[in-house]
2 protein chains.
Amino acid sequence: MNKEKSRYKITFEYDGSNFAGMQVQPHQRTVELVLTNAINKIAKKPQPPIALIASGRTDAKVHALGQVAHFDLPFSIKPEALLKALNSSLPLDVLIKSVELVSPDFHARYNAHHKRYRYRVSQGEFVDPFKRNYTGHFKYPLDVARMQQAGRDLVGEHDFTSFVASGSHVKSNVRTIYEVSVNRDEQRDEIVMEFSGSGFLYNQVRIMVAVLLEIGTGQRAVDDIPRILAGKDRQLARWTAPANGLYLVSVDYDDD
Amino acid sequence: MNKEKSRYKITFEYDGSNFAGMQVQPHQRTVELVLTNAINKIAKKPQPPIALIASGRTDAKVHALGQVAHFDLPFSIKPEALLKALNSSLPLDVLIKSVELVSPDFHARYNAHHKRYRYRVSQGEFVDPFKRNYTGHFKYPLDVARMQQAGRDLVGEHDFTSFVASGSHVKSNVRTIYEVSVNRDEQRDEIVMEFSGSGFLYNQVRIMVAVLLEIGTGQRAVDDIPRILAGKDRQLARWTAPANGLYLVSVDYDDD
């Protein structure tokens, strides 16, 4: 039986607070699980079930504003109708923002060539109850100019071995960062960092954030990043910023 | 034994999402419960336990930015030290914003003479995952000018029998509203309503919000409120806006 297949690209956001991350894990509520359930329900539960391929993983508690995935349906449906059907079926902490019919060659992971992450830091002695799930809280005063200066040392092609969680096993730890920004959001009283790059290693953004925070307080020298990069040793970067301040903002593809 | 007692007034905020409301209820996580636990822990668990008197109840899922309560300690402690001790002991969804040592005559409920509530409405076809717990979602377009005009009919001293949840048994349903405002928050793409008054009946704000929303869509006449008030019949106001968009903003006292 040779059924016609249609490949769809979806762009979606989620509040990661109540998810054990993006990827399916046994007995855990994950974004992939609720999306796969919604898609298979709309497709009338085919066997084998339809699988979802995301641009990459996000950890438990991490949020997304523009995560991307693809999947194949054994029939064709208008993107707007699919968007409506999915959003009507999904729990309220995931929202499909757009649906596109794409070429069968499109691959959400392999074709992604550029990702952007944001990290929100709230300040003050105690964390604001309304921000506890949406920012990393850091009570010490931060010098944004120092963090901006240090952020420039992350830009470019580097071996990020010092910035990858132990336990990660990838062929190469070389990645390219295109842009790092650090700004004070006066209205929200937050420090916001953004990172765009070719791709990121496991926990890389959260480790870079932690180093920039230590530089922002003056605990760490403003020119410490070249030394950390050169050392290729996870111990040099020390801690990892909490997951709940991290947002996957967007994933870019060649056709965008 | 005649111990010295010190009365403290606390002003606090909470994210109501994971609370079954303000007031203690058997087997439920309430704001009063976690506050009472923290206070009694600091006071080394006296018998009988120290009780907390709040300005009033809030329902499950309702938030507060400036709720007020009082309690007595069998000893004296500096307000700043008490604030720090309480915040260190409380769960992250409640935050004490200020602590004041007050006269033994101060009463958080009886002396409150003015309360302000805010209601946030998010728009669009589907609810934003990050707003699902923090706004009431209403997808139909709203005419803010109509809502503003109608809101003026709520101001003043009225019998609010048509705006009280059935099941409420108070001596009088007469209350005074000082101010009603309706504004579009362009940046957040929300409609924000504020109500200040001498006090509010059970569900009164949420029922007033629901009526203003119906007026905003044009379903209900812009001058319908005087008719609803005069009718003294809960059926005239129909529905109740969801709890998660409601915030107790502040409670004022004579000494403020």
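Not measured: the values here are computed from a predicted model.

1. Side note on the side chain of H70 of chain B
- Within the secondary structure layout, H70 of chain B lies in strand β3 (residues 63-73).
- Among the polar contacts made by the side chain of H70 of chain B, one reaches the main-chain amide nitrogen of A108 of chain B at a distance of 2.9 Å.

2. Considerations on the relation of the copies chain A and chain B
- Turning chain A through 180° and shifting it by 0.0 Å along the axis lays it on chain B, with an RMSD of 0.0 Å. The superposition operator between the copies reduces to a two-fold rotation axis.
- Looking at the interface residues of chain A, 100% of them are also at the interface in chain B, so both copies use one shared face.

3. Side note on the packing of helix α3 (residues 144-151) of chain A against helix α4 (residues 204-217) of chain A
All names here are of chain A.
- The interhelical angle for the contact between α3 and α4, taken along N-to-C directions, is 135°, at an axis separation of 8 Å. Regarding the angle of α3 to α4, the classification is oblique. In the crossing of α3 with α4, the sense of the turn from one axis to the other is right-handed. In this structure, α3 uses R146, M147, A150 and G151 to contact α4, whose residues at the interface are L212, L213, I215 and G216.
- Classifying every residue of the contact of α3 with α4 by side-chain character gives 5 nonpolar, 2 polar and 1 charged.

4. Here's the deal with the side chain of D59 of chain B
Residue and element names in this part refer to chain B.
- Along the polypeptide, D59 turns up in the loop between β2 (53-54) and β3.
- A polar contact of 3.1 Å, which involves the side chain of D59, links it to the side chain of R206.
- Leave out the neighbours within four places in its chain, and D59 touches G21, Y202, N203 and R206.

5. Points about the interface of chain A and chain B
- At the junction of the two partners, chain A supplies 25 residues and chain B supplies 25 residues.
- Inspection of the chain A/chain B interface yields 6 salt bridges.
- E125 of chain A is paired through a salt bridge with K84 of chain B; the nearest N and O atoms lie 3.2 Å apart.
- The tally of links from chain A across to chain B stands at 5 residue pairs in polar contact (both at pLDDT 80 or more).
- Here the side of chain A that touches chain B is composed, by residue class, of 13 nonpolar, 5 polar and 7 charged.

6. A few points about the pattern of salt bridges
- The full count for this structure, using the stated rule, is 35 salt bridges over all chains.
- Measuring nitrogen to oxygen at the nearest pair gives 2.7 Å for the salt bridge that ties D224 of chain A to R220 of chain A. For the pair formed by D224 of chain A and R220 of chain A, the shared burial category is buried.
- Across the pair K97 of chain B and E13 of chain B runs a salt bridge whose closest N-O atoms are separated by 3.9 Å. Taken together, the positions of K97 of chain B in strand β4 (residues 94-102) and E13 of chain B in strand β1 (residues 6-14) put the pair 84 residues apart, joining distant regions of the chain.
- With relative accessibility at 8%, the residue E13 of chain B sits in the buried group.

7. Side note on the packing of aromatic side chains
- As enumerated under the stated definition, the model contains 21 aromatic pairs over all chains in all.
- A ring pair is formed by Y117 of chain B and F200 of chain B, whose centres lie 5.4 Å apart and whose planes are at 85°; its orientation type is edge-to-face. Linking Y117 of chain B in strand β5 (residues 112-122) with F200 of chain B in the loop between β9 (190-197) and α4 (204-217), this pair joins segments that are 83 residues apart in sequence.
- Residue classification places F200 of chain B among the buried positions, given a relative accessible area of 17%.
- Each member of the aromatic cluster is reached from another via a ring pair, and the members are F130, Y134 and Y247 of chain A together with F130, Y134 and Y247 of chain B.

8. With respect to the UniProt feature "domain: Pseudouridine synthase I TruA alpha/beta" (unreviewed entry) in chain A
- The UniProt entry lists residues 13-111 and 152-254 of chain A under the feature "domain: Pseudouridine synthase I TruA alpha/beta" (unreviewed entry), expressed in the numbering used here.
- Annotated as residues 13-111 of chain A, this span is 23% helix and 24% strand, and its ends, taken at the C-alpha atoms, are 20 Å apart.

9. Quick notes on unusual backbone geometry
- Omega for the bond connecting Q47 of chain A with P48 of chain A falls within 30 degrees of zero, at -5°, which places this linkage in the cis form.
- Looking at where P48 of chain A falls in the secondary structure, it is placed in the loop between α1 (31-42) and β2 (53-54).
- Unlike most non-glycine residues, N203 of chain B shows phi in positive territory, near 70°.
- Topologically, N203 of chain B is positioned in the loop between β9 and α4.

About the cut-offs
Every chain's residues receive numbers from 1 upward, in the order its sequence appears when written. Following the order in which they are written, the chains are lettered starting with A and the ligands numbered starting with 1. Predicted model: local features are reported for residues with pLDDT of at least 70 only, side-chain atom pairs are reported and counted for 80 or more only, and whole-chain, interface and lining totals are derived from all residues. By convention in this description, side-chain values take in all heavy atoms of the structure and omit both hydrogens and water. Each helix is a run of DSSP H or I of at least 4 residues and each strand a run of E of at least 2, with the numbering of both proceeding from the N terminus. Nitrogen and oxygen atoms within 3.5 Å of one another constitute a polar contact, given that in protein one can donate a hydrogen and the other can accept it, and given that sequence-neighbouring residues count only through two side-chain atoms. To line up the copies, we fit them by least squares on C-alpha atoms, keeping just the residues with pLDDT of at least 70 in both. In what follows, a contact means two residues having at least one pair of non-hydrogen atoms within 4.5 Å. In this description, a line fitted to the C-alpha atoms serves as the axis of each element, helices being fitted only across the stretch in contact, and the angle between N-to-C directions of two axes falls anywhere from 0 to 180 degrees. Any angle that falls under 35 degrees is termed roughly parallel, while one over 145 is termed roughly antiparallel, one within 65 to 115 roughly perpendicular, and all others oblique. Crossings are classed by handedness, with left-handed meaning an anticlockwise turn of the near helix from the far one by less than a right angle and right-handed meaning a clockwise turn. When residues are sorted by character, Ala, Val, Leu, Ile, Met, Phe, Trp, Tyr, Cys and Pro go into the nonpolar class, Asp, Glu, Lys and Arg into the charged class, and all the rest, Gly among them, into the polar class. Any carboxyl oxygen of Asp or Glu that lies within 4 Å of a side-chain nitrogen of Lys or Arg is treated as forming a salt bridge with it. Burial here depends on accessible area, computed with a 1.4 Å probe over protein chains only, as a share of the maximum for the residue type. Under 20% is buried, over 50% is exposed, and the range in between is partly exposed. Pairing of aromatic rings covers Phe, Tyr and Trp, the last counted by its six-membered ring, and requires centre-to-centre distances within 6.5 Å; plane angles under 30 degrees mean stacked, over 60 mean edge-to-face, and any other angle means tilted. UniProt positions are given in the numbering used here, feature names are shortened, and annotations may be inferred rather than shown by experiment.

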